[in-house]
Amino acid sequence: MYEFKTKIISSHITQITDPSGVFLFLVEGEREALLVDTGVGFLGLRETVDALTDKSLTVLLTHMHPDHAGGAAAFDRVYVHPADIPAFRAQTLEDRMGYAASQMPGATLTPDDFLPCVADEGRFVPMEDGTVFDLGGIQAEILHVPGHTLGSCCVLFRQERSILFGDACNCNTLIMFESCLSQYRRSLQKLQTFRPQFDRVYYSHGLEPEGPGRSLEDNIALCGEILEGRDDAIPCDFLGMPALRAKAIAPNMMRLDGKYGNIVYTEVTKH
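What comes next is a walk through the structure. Remember, it's a predicted structure, so these values are computed and weren't measured experimentally. (Residues numbered from 1 in each chain as written. Predicted model: local features only at pLDDT ≥ 70, side-chain atom pairs only at ≥ 80, totals over all residues. Heavy atoms only, no water.)

Section: the overall build of the protein chain
Okay, step 1: Within the protein chain, the secondary structure is distributed over six helices and 17 strands.
Okay, step 2: For a compact globule of 271 residues, the expected C-alpha radius of gyration is about 18 Å, and the protein chain comes in at 18 Å, within 12% of that figure.
Okay, step 3: Across its three principal directions, the C-alpha atoms of the protein chain cover 50 × 45 × 30 Å.
Okay, step 4: For the protein chain, long-range pairs separated by at least 24 residues make up 61% of all intrachain contacts whose partners lie at least 6 apart in sequence.
Okay, step 5: Here the protein chain has roughly 11500 Å² of accessible surface; of this, 52% comes from carbon and sulfur atoms.
Okay, step 6: In the protein chain, which carries 23 positive and 37 negative side-chain charges, the distance between the mean positions of the two groups comes to 6 Å. (Helix = DSSP H or I, 4+ residues; strand = E, 2+ residues; numbered from the N terminus. Rg over C-alpha atoms; globule rule 2.2 N^0.38 Å. Contact = heavy atoms within 4.5 Å. Areas by Shrake-Rupley, 256 points an atom, 1.4 Å probe, with all protein chains shown as cover. Lys, Arg positive; Asp, Glu negative; His and termini not counted. Charge placed at Lys NZ, Arg CZ, Asp CG, Glu CD.)

Quick look at the structure:
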């Protein structure tokens, strides 16, 4: 069985790193606990969470991509924005294993390392923009930010002045699937109205979960550049799918111009 790693990153939040390197977040209040995302779905997730807390647990997904929703089968009820359900239906165990293999060079992975796919969608409970989970002493507020997926959400923790961007906005934001860049820009502009309420930003991928919040401003500006044809439009690929990267990067994925946010998109989503 592959190992999950854990690290306390604030007075309420523990980072859980799944074997493929995806960050999950366990948030503990005085009364209840909240798990945000479930990783690729390696066996051992539920046992890892149960060892960290004995409080009543709520589980939610920032979005339904296989590296975030893969472990949903470990839980009886999982909150998700309903706009992502159609995309989830097409996912397979092979999708999850393929992602994990891409992040774990040299690892020998078999189906026995993973939880099964969710067969009963009845475990998914709808959450909407503005839904609040009150854990006691800390609340988690859902902010719907369609772009990366139609149901993508950020999670705002007002009491800690922190926010989980997840995959909705980062240094390699993928706008390649159901959404488009104009819709994504509107989502980020809405997210920017909450900027006075958070200082710390958490991401779902990278070397560390906490990163600079300037990805928000950078990606708003980039949406404009892409739509106006002023970006670098560098050919690249994501898991074998051809795409364009808005700004040139160094080998460490950081932008050569010193800014942080970046967008990978396709001609189909360029509107």
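So that's the structure; there's more coming.
Let's talk about the side chain of Asp18
Okay, step 1: Mapped onto the elements, Asp18 comes out in the loop between strand E2 (13-17) and strand E3 (23-28).
Okay, step 2: One buried charged residue, Asp18, remains without a salt bridge, the closest side chain of opposite sign being Arg96 at 8.7 Å.
Okay, step 3: At 3.0 Å, the side chain of Asp18 forms a polar contact with the backbone nitrogen of Val40.
Okay, step 4: If we ignore the near neighbours within four places in the chain, the residues touching Asp18 are Phe4, Gly39, Val40 and Phe42. (Buried < 20%, exposed > 50% of the residue type's maximum accessible area, 1.4 Å probe, protein only. Salt bridge = Lys/Arg side-chain N within 4 Å of Asp/Glu carboxyl O. Polar contact = N/O pair within 3.5 Å; in protein donor to acceptor, adjacent residues only side chain to side chain.)

Describing the sheet that holds strand E16 (residues 241-245)
Okay, step 1: The strand order across the open sheet built from four strands is E12-E17-E16-E15, with neighbouring strands paired in mixed fashion. Taken across any chain shown, the strands that pair with only one partner, and hence form the sheet edges, are strand E12 (173-175) and strand E15 (234-238). Sheet twist, expressed as the average angle between the axes of neighbouring strands with direction ignored, equals 35°.
Okay, step 2: By the bridge criterion, two bridges tie E16 to strand E17 (residues 263-265) in an arrangement that is antiparallel. Counted as the bridge partner of Leu244 is Tyr265 from E17. (Pairing = 2+ DSSP bridges. Axes fitted to C-alpha atoms, helices over the stretch in contact; angles between N-to-C directions.)

Quick look at the environment of Ala221
Okay, step 1: Here Ala221 is to be found in helix H6 (residues 215-227).
Okay, step 2: For Ala221, a relative accessible area of 41% translates into the label partly exposed.
Okay, step 3: It is 9.4 Å that separates the C-alpha atoms of Ala221 and Gly261, two residues lying 40 residues apart in sequence.

Here we look at the layout of surface pockets
Okay, step 1: Empty space within the largest pocket amounts to approximately 1300 Å³.
Okay, step 2: Together, 43 residues line the largest pocket, and Tyr99, Gln103, Asn172, His205 and Phe238 are the ones closest to its centre.
Okay, step 3: Going through the elements one at a time, helix H2 (66-69), helix H4 (93-103), E12, strand E14 (210-211), E15 and E16 are the ones with two or more residues in the lining of the largest pocket.
Okay, step 4: With three residues, the top contributor of residues to the lining of the largest pocket is H4.
Okay, step 5: Classifying every residue of the lining of the largest pocket gives 19 nonpolar, 16 polar and eight charged. (1 Å grid on protein atoms, 1.4 Å probe; cavity = no way out; pocket = protein on both sides within 12 Å on 5 of 7 lines; lining within 4 Å. Points joined across faces, edges and corners; volume = space filled by probe spheres on them. Nonpolar A, V, L, I, M, F, W, Y, C, P; charged D, E, K, R; others polar.)

Brief notes about helix H1 (residues 45-52)
Okay, step 1: Buried within H1 are the following residues: Leu45, Thr48 and Val49. Down the axis of H1, the smallest arc covering the buried residues is 95°, so these residues share one side. Of the exposed residues in H1, those oriented more than 90 degrees away from the buried face are Glu47 and Ala51.
Okay, step 2: Lining the buried residues of H1 we find strand E1 (5-8), E2, E3, strand E4 (32-36) and strand E5 (56-60). (Arc of directions from axis to C-beta.)

Quick look at the nonpolar core
Okay, step 1: In this structure, Leu35, Phe42, Met64, Phe114 and Phe124 are the most contacted members of the largest nonpolar core, which totals 32 residues.
Okay, step 2: The set of elements that each furnish at least two residues to this core consists of E3, E4, H1, strand E6 (78-80), helix H3 (85-89) and H4.
Okay, step 3: Per-element tally for this core: the top contributor is H4, with four residues.
Okay, step 4: When residues no more than four places from it in sequence are discounted, the contact partners of Leu35 are Ile16, Leu24, Phe25, Leu26, Val49, Leu57, Thr58, Val59, Leu60 and Phe75. (Core = buried A, V, L, I, M, F, W, Y, C linked by side-chain atoms within 4.5 Å.)

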